[in-house]
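Structural overview
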Amino acid sequence: AAAVSLGGFALQAELGRLVPRHAQRIKEALLAVVHSPRAMVVERRRAVEAVSALSSPEVQEAIEGAYRSPIPELQVSAIYAMGRNCDPRWFPTMVKELASPDAEKRYEAAGACGEWGDERAVVRLVPLLHDKDDDVQLAAICALGRIGGGEAMVYLDRLQQDATPELRQALELALAELNFAEDPLAS
């Protein structure tokens, strides 16, 4: 819980809304948990996710270390962190993980692509619209809504025809977000 709370402050620090010494203390505290051999996996996961808003070499190393870890849960958190970190170096990894055999990794990769908002991810998200895992489908829908653009709209519109009620609701929200992003003053 503490790491999750500090994640909001890490974002504020990255935006320059915190005193630099406080930002440094937050980064040091979170990285200490990431690198602690005594911390539980869930604590390390949340610390990687929380510190990921900061752009620094130490944070990039922490994300890379979590991704290369033999612990699948840390790998999943690293994928989430890549989307939150917004460093261009992560984009190829996020796209690669969209095709992972692990549904949790596909889910986080879709969310990360949505965070990024890079239209190059649209065609790679399309196969996830028909993923066997419902959560992955929902993540892909949300990501396309966040990314926006004409191509994303076409794919989301097509999916509406055969969508289940649960997917239809997600599609409506994604299309509303996409439409708002295209024209925020439309009624």
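See the structure printed just above.
A brief report on the enclosed structure follows. Throughout, a residue's number is its position along its own chain's written sequence, starting from 1. Given that this is a predicted model, residues contribute local features only at a pLDDT of at least 70 and side-chain atom pairs are listed and counted only at 80 or more, while totals for whole chains, interfaces and linings are drawn from all residues. Here the side-chain values reflect all heavy atoms present in the structure, with hydrogen atoms and water set aside.

Observations regarding the packing of helix H3 (residues 41-51) against helix H5 (residues 72-85)
Helix axes are fitted only over the stretch in contact, all axes being lines through C-alpha atoms; the angle between N-to-C directions runs from 0 to 180 degrees. Each helix corresponds to a stretch of at least 4 residues labelled H or I by DSSP, and each strand to a stretch of at least 2 residues labelled E; elements are numbered beginning at the N terminus. Remark: H3 packs on H5, axes separated minimally by 8 Å, with the N-to-C direction vectors making an angle of 15 degrees. By the angle between their axes, H3 is roughly parallel relative to H5. Our pair here, H3 against H5, has a crossing hand that is right-handed. Facing Val41, Arg44, Arg45, Arg46, Val48, Glu49 and Ala50 of H3, the residues of H5 in contact are Glu73, Leu74, Val76, Ser77, Ala78, Tyr80, Ala81 and Arg84. Residue composition of the contact of H3 with H5, by class: eight nonpolar, one polar and six charged. By definition in this entry, angles of less than 35 degrees are roughly parallel, angles greater than 145 are roughly antiparallel, angles of 65 to 115 are roughly perpendicular, and the rest are oblique. Note: crossing handedness is left-handed where the near helix turns anticlockwise from the far helix by less than a right angle, and right-handed where it turns clockwise. By definition, residues are in contact when any of their heavy atoms lie within 4.5 Å. Classification used: nonpolar for Ala, Val, Leu, Ile, Met, Phe, Trp, Tyr, Cys and Pro, charged for Asp, Glu, Lys and Arg, polar for all others including Gly.

Topic: the pattern of salt bridges
Any carboxyl oxygen of Asp or Glu that lies within 4 Å of a side-chain nitrogen of Lys or Arg is treated as forming a salt bridge with it. Counted by the stated rule, this structure contains 10 salt bridges. In this structure, Arg146 engages Glu177 in a salt bridge whose closest nitrogen and oxygen atoms are separated by 3.9 Å. Of this pair, Arg146 sits in helix H9 (residues 134-147) while Glu177 sits in helix H11 (residues 165-182), placing them 31 residues apart in sequence. Residue class for Arg146 comes out partly exposed when judged on its relative accessible area of 43%. Take Glu177: its relative accessible area is 36%, and that puts it in the partly exposed class. Burial classification: accessible surface area is computed with a 1.4 Å probe over protein chains only, and a residue below 20% of its type maximum counts as buried, one above 50% as exposed, and the rest as partly exposed.

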